[in-house]
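Structural overview for review
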Amino acid sequence: MTSEQIEHIELTKTFVKETLESAEGGHDWFHIQRVYKNSLLISKNETINIYIVSLGALLHDIADSKFHNGDESVGPKKAREFLFKINVDSVAIEHVVNIIENISFKGGNVAQHFSSNELNVVQDADRLDALGAIGIARTFNYGGFKNHKLYDPEIPPKLNMSKEEYKNSKAPTINHFYEKLLLLKDRMNTKTGKQIALRRHEYMEDFLQQFYEEWNGDK
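Before going into details, it helps to say that this report is about the structure given with it. (Residues numbered from 1 in each chain as written. Predicted model: local features only at pLDDT ≥ 70, side-chain atom pairs only at ≥ 80, totals over all residues. Heavy atoms only, no water.)

Quick notes on the packing of aromatic side chains
To keep things clear, this is the line we draw: Side-chain rings of Phe, Tyr and Trp, where Trp is taken by its six-membered ring, are said to pair if the distance between their centres is within 6.5 Å; with planes under 30 degrees apart they count as stacked, over 60 as edge-to-face, and otherwise as tilted. Strands here mean DSSP runs of E at least two residues long; helices mean DSSP runs of H or I at least four residues long; both are numbered from the N terminus.
Here the structure, examined in full by the defined rule, presents eleven aromatic pairs. Considering the side-chain rings of Phe 15 and Phe 82, the 4.1 Å spacing of their centres and the 5° angle between planes classify their relative orientation as stacked. Separated by 67 residues along the polypeptide, Phe 15 in helix α1 (residues 3-19) and Phe 82 in helix α4 (residues 74-85) bring together distant segments of the chain. An aromatic cluster is present here, built from Phe 140, Tyr 151, Phe 177, Phe 207, Phe 211, Tyr 212 and Trp 215 joined pairwise through their rings.

See below:
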């Protein structure tokens, strides 16, 4: 990368830290930092533009629609305005904005309208943070934030939800494992992402087994 590109990345880190200072614990600066680090790790085995990957990872959740009344335009707009302000070239800005607009799971039934190796990397990095021990912690943190039940045996998981159903779901937190988290292993894009996802997936399966045993008084 050029010295100017490195400066852009550092300015972006500062901007994201300040913007997400009071964010919900599963979508704060530390989430961004983990996704950024995972993106760099995955990139080592991919043919990508590391500058685009870095900016995409740092800005992918700058204004998550979950915290903006479901408005998916806020994040891309905020990212675009910031990148323009620090003089990132227009081609790079469009690529980063496309990453932000197409990275989310959205119920798993929404077709992406854009594809690139850079999106594949950032998407895998973001999905990895929804898996394993961190993924479990983030899921229950958000469930608590939304005052969702931990679990209700009378409310089964709802698979194949529409985008709107997924966005508006108030289901117990355990259901989210079946509606999203356990599906991610088979939706990874990169070899490195798939390898890491498998290990984290198995950890979550062990957690769920333990959860049900404790719930039922078996252990």
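Observations regarding the pattern of salt bridges
Rule in force here: Between Lys or Arg on one side and Asp or Glu on the other, a salt bridge is scored when a side-chain nitrogen of the former is within 4 Å of a carboxyl oxygen of the latter. Think of it in three bands: residues with accessible area under 20% of the maximum for their type are buried, residues over 50% are exposed, and the middle band is partly exposed, with areas taken using a 1.4 Å probe on protein chains only.
Tallied over the entire structure, the rule returns six salt bridges. Across the salt bridge formed by Arg 138 and Asp 129, the nearest N and O atoms sit 3.6 Å from each other. Looking at Arg 138, the relative accessible area reads 14%, which means it is buried. Given the relative accessible area of 1%, Asp 129 is considered buried. The shortest N-O distance in the salt bridge between Asp 152 and Lys 149 comes to 3.0 Å. Lys 149 sits in the partly exposed class, given a relative accessible area of 49%. Among the ionic contacts, a cluster of salt bridges with common partners joins Arg 34, Asp 129 and Arg 138.

Quick word on helix α2 (residues 29-43)
As a reminder, the rule being used: An expected span of 1.5 Å times one less than the residue number is assigned to each helix. Here, two residues are considered to be in contact whenever any of their heavy atoms come within 4.5 Å of each other. Counted as a polar contact is a pair of N or O atoms within 3.5 Å, where, for protein atoms, one must be capable of donating a hydrogen and the other of accepting one, and residues adjacent in sequence contribute only when both atoms are in side chains.
The terminal C-alpha atoms of α2 lie 21 Å apart, and with 15 residues this matches the ideal 21 Å at 1.5 Å per residue to within 8%. Every buried residue of α2 is accounted for by Trp 29, His 31, Ile 32, Val 35, Tyr 36, Asn 38, Ser 39, Ile 42 and Ser 43. Packed against the buried residues of α2 are α1, α3 (50-59), α6 (117-128), α7 (132-145) and α10 (191-215). The backbone nitrogen of Phe 30 has a side-chain oxygen 3.2 Å away, supplied by the residue at the start of α2, namely Asp 28.

Topic: the environment of Ile 103
Mapped onto the elements, Ile 103 comes out in the loop between α5 (90-102) and α6. Judged by relative accessible area, Ile 103 falls into the buried class, the value being 3%. Distance in space between the C-alpha atoms of Ile 103 and Ile 50 is 17 Å, their sequence separation being 53 residues. Ignoring any residue separated from it by four or fewer positions in sequence, one finds Ile 103 in contact with His 60, Leu 119, Val 122, Gln 123, Asp 126 and Arg 127.

Here's the deal with unusual backbone geometry
In most cases, non-glycine residues show a negative phi, while peptide bonds are predominantly trans. The backbone of Asn 87 sits at a positive phi, close to 70°, despite the residue not being glycine. In this fold, Asn 87 is placed in the loop between α4 and α5. By relative accessible area, which is 58% here, Asn 87 ends up exposed. At Asn 147, a residue that is not glycine, the phi angle is positive and equals roughly 60°. With respect to the secondary-structure elements, Asn 147 resides in the loop between α7 and α8 (163-168).

Concerning α5
The first and last C-alpha atoms of α5 sit 18 Å apart over 13 residues, in line with the 18 Å expected at 1.5 Å per residue. Burial in α5 covers these residues: Ala 92, Ile 93, His 95, Val 96, Val 97, Ile 99, Ile 100 and Asn 102. Tucked into the core, α5 has its buried residues touching α3, α4 and α6. Between a side-chain oxygen at the N-terminus of α5 and the backbone nitrogen of Val 91 the separation is 3.1 Å; the capping residue is Asp 89.

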